[in-house]
Amino acid sequence: MTTIQIRQKISACLLIGLSAWALPMAANAQLATGQTKFLGNIIAGSVPADFSTYWNQVSPENAGKWGSVEGVVQGTRDYTNLDLIYNYAQQAQNSGYKFKFHNLVWGAQYPTWITSLSEADQKTAVENWIKASGQKYPNAWAVDVVNEPVKTPCPFKNALGGDGATGWDWVIWSFQKARQYFPNAKLLINEYGTENDPTARATLITIVKLLQAQNLIDGIGIQAHYFNLNYMSAAQMKQCLDDYAATGLDLYISELDIQGIGTSYSLPVTITEDAQSQKYQELFPVMWEHSAVKGITLWGYIEGQTWKAGTGILNADGSERAAMTWLKSYMAGTSSSSSSSSSSSSSSSSSSSSSSSSSSSSSSSSSSSSSSSSSSSSSSSSSSSSSSSS
């Protein structure tokens, strides 16, 4: 090799190295790397510097809500923050990022001017909002079409069909429009407070089946907020997931946060790093390992920047809280377990199949009791939809 050739080769290597350095870090260290499911989080304003270190799915916290985009003047939409989040996800697509649009129709954080319009004009305004959103973000992986139809129905739902013949015509209309204007996205329904409330869960399943009959829905979002999960057992969580999985749809844990351990809704919750970590260790594996759950999105992760104190799993100075330390270890274990089982099964695929089911007999042993604390769940969560939640 000549001196010139050596110099050319060195220059090429340097260019490759510089190019790799300029790319996002996302591909190397996300907690769900190598997994078939995503582990995502929300972005509020600017993108946290360490976001791609941990997460590989993105939801906007508030930027995609109608009131955030078009809340002041009808027809004047400010997409600045939402564009930032969407574009970030688009740039990281080759690392497996998914952008979920949150949300289209919700009985909170809507433009104040909507209630002063006639029903005909309300319907037109909602359709224009859905249409504009679909055109602006055509590569959205999924969209929360109706948020909290059971717990927070729209005050303008009559303009969209009201209860109608099905009892939920306004929800069906919303999904019809979403299918029209988001033809390539997964259409999701998203709800809180059904995790330990079988009655509310049954109501949501009724809506889901109406949507399934018209091929209008692709998945169910289970918010999984602290005001329910603090008080729940693994058995209750599994029962909730099993009930929704019986619809045949994919499930998504959409707004996960946990503070600590609660024993009764009438008593204070133990909110410490250790208690939070214990509750994560009790409930997170049930959700992550459930076959119907295709991804989990946390509702914030930096303490002091989440919508409720005590729900962050990373301190403001970047140090890990106990829950994050455990989560990283758990995810690394499930990833290596998945990889090793995959490689071992492929290497021995022609030798023997006698032991393939030896470890599955106890997978459902803890799901017998689902509703022991459900009677008070709706009373404790009626004020949950603050400006940063849902």
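About the criteria used
Residues numbered from 1 in each chain as written. Predicted model: local features only at pLDDT ≥ 70, side-chain atom pairs only at ≥ 80, totals over all residues. Heavy atoms only, no water. Helix = DSSP H or I, 4+ residues; strand = E, 2+ residues; numbered from the N terminus. Buried < 20%, exposed > 50% of the residue type's maximum accessible area, 1.4 Å probe, protein only. Contact = heavy atoms within 4.5 Å. Areas by Shrake-Rupley, 256 points an atom, 1.4 Å probe, with all protein chains shown as cover. Salt bridge = Lys/Arg side-chain N within 4 Å of Asp/Glu carboxyl O. Core = buried A, V, L, I, M, F, W, Y, C linked by side-chain atoms within 4.5 Å. Expected span 1.5 Å × (residues − 1). Pairing = 2+ DSSP bridges. Right-handed = clockwise from strand over helix to strand, strands pointing away. Phe/Tyr/Trp six-rings, centres within 6.5 Å; stacked < 30°, edge-to-face > 60°. Lys NZ or Arg CZ within 6 Å of the ring centre and 35° of its normal. Axes fitted to C-alpha atoms, helices over the stretch in contact; angles between N-to-C directions.

Looking only at helices and strands, the protein features 13 helices and eight strands. In the protein, which comprises 390 residues, the share counted as buried stands at 50%. Residue pairs at least 24 apart in sequence account for 78% of intrachain contacts in the protein once pairs closer than 6 positions are excluded. Total accessible area computed for the protein in this model is approximately 17,000 Å², and 50% of it derives from carbon and sulfur atoms.

Within this structure, the stated rule accounts for eleven salt bridges. A salt bridge links Glu70 to Arg77; its shortest N-O distance comes to 3.1 Å. Given the relative accessible area of 28%, Arg77 is considered partly exposed. Residues Lys177 and Glu127 are paired through a salt bridge, measuring 3.4 Å at the closest nitrogen-oxygen approach. In this pair, Lys177 sits in helix H7 (residues 169-181) while Glu127 sits in helix H6 (residues 119-136), placing the two residues 50 residues apart along the sequence. Take Lys177: its relative accessible area is 17%, and that puts it in the buried class.

In this section: the environment of Leu256. Along the chain, the position of Leu256 falls in strand S7 (residues 250-256). Look at Leu256 and you get buried, because its relative accessible area is 1%. A sequence separation of 34 residues divides Leu256 from Ile222, and the C-alpha atoms of the two residues are 8.6 Å apart. Residue contacts for Leu256: discarding those within four places in its chain leaves Gln223, Ala224, Leu229, Tyr280, Phe284, Met287, Ile296, Thr297, Leu298 and Trp299.

This part takes up the nonpolar core. General note: in soluble globular proteins, nonpolar side chains tend to be found buried as a group. If you look at the biggest cluster of nonpolar residues, it comprises 92 residues, and the most contacted ones within it are Leu39, Leu256 and Phe284. Residues contacting Leu39, with those up to four places away along its chain left out, are Leu31, Ala32, Tyr54, Trp55, Asn56, Gln57, Phe284, Trp288, Ile296, Leu298, Leu327 and Met331. The next biggest cluster of nonpolar side chains, apart from the first, holds six residues, and it includes Tyr226, Phe227, Trp299 and Trp307.

Between the first and last C-alpha of helix H5 (residues 80-91) there are 17 Å, a value that for twelve residues agrees with the 16 Å anticipated at 1.5 Å per step. Where the residues of H5 are buried, they touch strand S1 (38-43), helix H3 (51-54), strand S2 (58-60), strand S3 (100-106) and H6.

Turning next to the pairing of strand S5 (residues 186-191). Remember that side chains alternate between the two faces of the sheet whenever the strand is regular. The element S5 is largely enclosed, with a buried count of five among its six residues. The pairing of strand S4 (residues 142-147) with S5 spans five bridges and is classified as parallel. Considered in S5, the bridge of Asn147 is made with Asn190. Remark: the S4/H7/S5 crossover connection has right-handed handedness. Taken together, S5, helix H8 (residues 198-212) and strand S6 (residues 219-222) constitute a β-α-β crossover, and its handedness is right-handed.

Attention now moves to the packing of aromatic side chains. Taken as a whole and assessed by the stated rule, the structure comprises 29 aromatic pairs. Measuring from centroid to centroid gives 5.1 Å for Tyr86 and Phe99, while their planes differ by 85 degrees, and the two rings are edge-to-face. A residue pair is termed long-range when its members are at least 10 positions apart, and Tyr86 in helix H5 and Phe99 in the loop between H5 and S3 qualify at 13 residues. In this structure Tyr86 comes out as buried when scored by relative accessible area, which is 7%. Judged by its relative accessible area of 2%, Phe99 is buried. Three or more aromatic residues joined by ring pairs form one cluster here, namely Trp66, Tyr79, Tyr86, Phe99, Phe101, Tyr110, Trp113, Trp129, Tyr137, Phe156 and Phe182. Over the face of the ring belonging to Trp288 we find Lys37, whose NZ or CZ atom lies 5.9 Å from the ring centre. Here Lys151 stacks its cationic end above the ring of Tyr192, 5.8 Å away from the centre of that ring.

Backbone-to-backbone hydrogen bonds join strands into a sheet, with any given pair of strands oriented parallel or antiparallel. With parallel pairing, eight strands are arranged side by side in an open sheet as S2-S1-S8-S7-S6-S5-S4-S3. With partners counted over all chains shown, the strands left at the sheet margins are S2 and S3, one partner each. Shown here is a sheet whose adjacent strand axes are inclined to one another by a mean of 25 degrees, direction ignored. As defined by bridge partners, S1 adjoins S2 across three bridges and the pair is classed as parallel.

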